[in-house]
Amino acid sequence: MKYAIIENEEYARLNLQHSIEQLRPEYECAFTAESVSESIRKIQSESGLQLIFMDIELDDGNCFEIFKQVDIDIPIIFTTAYDEFAIRAFKENSIDYILKPISEEDIEFALKKFERFIEKMEEGGSSIASSYSELVPVMSKRNHDRVLISTGSGYSFVNISDIAWAEAGDKYITLILKDGSGRVSDFKSLGEVLKVFPKESFYQISRSVVASIGSISGVKKFFKGRLRINLTAGKNTRTETLTAQRRDEFLNWFGYSPH
């Protein structure tokens, strides 16, 4: 597997390459680059490249200048100290977006994600270049440890472990954190939420709410076999009604124990 590292900080570049060599000794580093111009030159001259680790800020500009001059049709793992570029990165062949400081665990997770994609392509008899459009469904199957949220002027991340519940409004999915505050997410539906949040910790208790097991402060029997479920996050409280048809399924989930 041939990969490249585009990173302008020497320590970060060497540390990343060392980690990859430890985790995947069979991988071959085709080249490293520190700038937009150097990256363009080396990408154009290198054949058989299958993966790129790419920093956002380079010596002579940001990495998105590379895409304006070179067609890159292979997966990219972005490695950066800036989370505000996440949306743009995922539009540019991104298979993962790792925030610095980078740990070996982060790299291992990203590499496994990349390898799952490769396996999927090989099973279908397709090449990386011709089948990159299939990457998004592969990525969506992952259980993330954080999700993107909208802020007043841009985007940021919130840890899933800090989320009490997700609630659907007229246009947005709002994430209610454990402290009771709300964040507008990038999710379009609760169905998307369920694809990302871990099933052992989150359950859709109504049409409008997916709740974490830790946010449930009370469960009471209700009329005709239904359940009334009380949610609490800081000073924020909410009560939802679970249908009788889903009662047993919910109670089995509610009794889940990770140990």
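Our structure is the block above this text.
What you see is a predicted model; the values in this text were computed from it and never measured.

K.L.:
What am I meant to see in the packing of aromatic side chains here?
P.N.:
The way to describe two aromatic rings as a pair is by their centre distance and the angle between their planes. Under the definition given, this model contains 11 aromatic pairs. Geometrically, the ring pair formed by Y3 and Y27 is tilted, given 6.3 Å between the ring centres and 50 degrees between the ring planes. Remark: Y27 occurs in the loop between α1 (10-23) and β2 (28-33) and Y3 occurs in strand β1 (residues 2-6); sequence separation between them is 24 residues. Like Y27, Y3 is buried. Between F250 and F254, the aromatic rings sit 5.4 Å apart at their centres with planes inclined by 15 degrees, giving stacked as the arrangement. With a gap of four residues between them, F250 and F254 both fall in helix α8 (residues 247-254), about one helical turn apart. Relative accessible area serves as the criterion here: at 0%, F250 is assigned to the buried category. The exposure class of F254 is partly exposed, given its relative accessible area of 31%. Taken together through their ring pairs, the aromatic side chains of Y203, F250, W253 and F254 make up a single cluster. We note R228 situated over the ring of F222; from NZ or CZ to the ring centre the distance is 5.0 Å.

K.L.:
Can you help me understand the environment of D162 in this one?
P.N.:
Mapping D162 onto the fold places it in the loop between β9 (155-159) and β10 (163-168). When its relative accessible area of 35% is taken as the criterion, D162 is described as partly exposed. In this structure, the C-alpha to C-alpha distance between D162 and I176, residues 14 residues apart in sequence, is 8.8 Å. If we ignore the near neighbours within four places in the chain, the residues touching D162 are L177 and K178.

K.L.:
Help me out: how do you make sense of unusual backbone geometry in this one?
P.N.:
Trans peptide bonds make up most of the peptide bonds, and negative phi angles are found at most residues other than glycine. In this structure, P101 follows K100 across a cis peptide bond, with omega equal to 0 degrees. Structurally, P101 can be placed in the loop between β7 (94-99) and α5 (104-123). At K224, a position not held by glycine, the phi torsion is positive, near 55 degrees. Tracing the backbone through its elements, the reader meets K224 in the loop between β15 (216-221) and β16 (227-233). Relative accessible area serves as the criterion here: at 66%, K224 is assigned to the exposed category.

Basis of the calculations
Residues numbered from 1 in each chain as written. Predicted model: local features only at pLDDT ≥ 70, side-chain atom pairs only at ≥ 80, totals over all residues. Heavy atoms only, no water. Phe/Tyr/Trp six-rings, centres within 6.5 Å; stacked < 30°, edge-to-face > 60°. Helix = DSSP H or I, 4+ residues; strand = E, 2+ residues; numbered from the N terminus. Buried < 20%, exposed > 50% of the residue type's maximum accessible area, 1.4 Å probe, protein only. Lys NZ or Arg CZ within 6 Å of the ring centre and 35° of its normal. Contact = heavy atoms within 4.5 Å.

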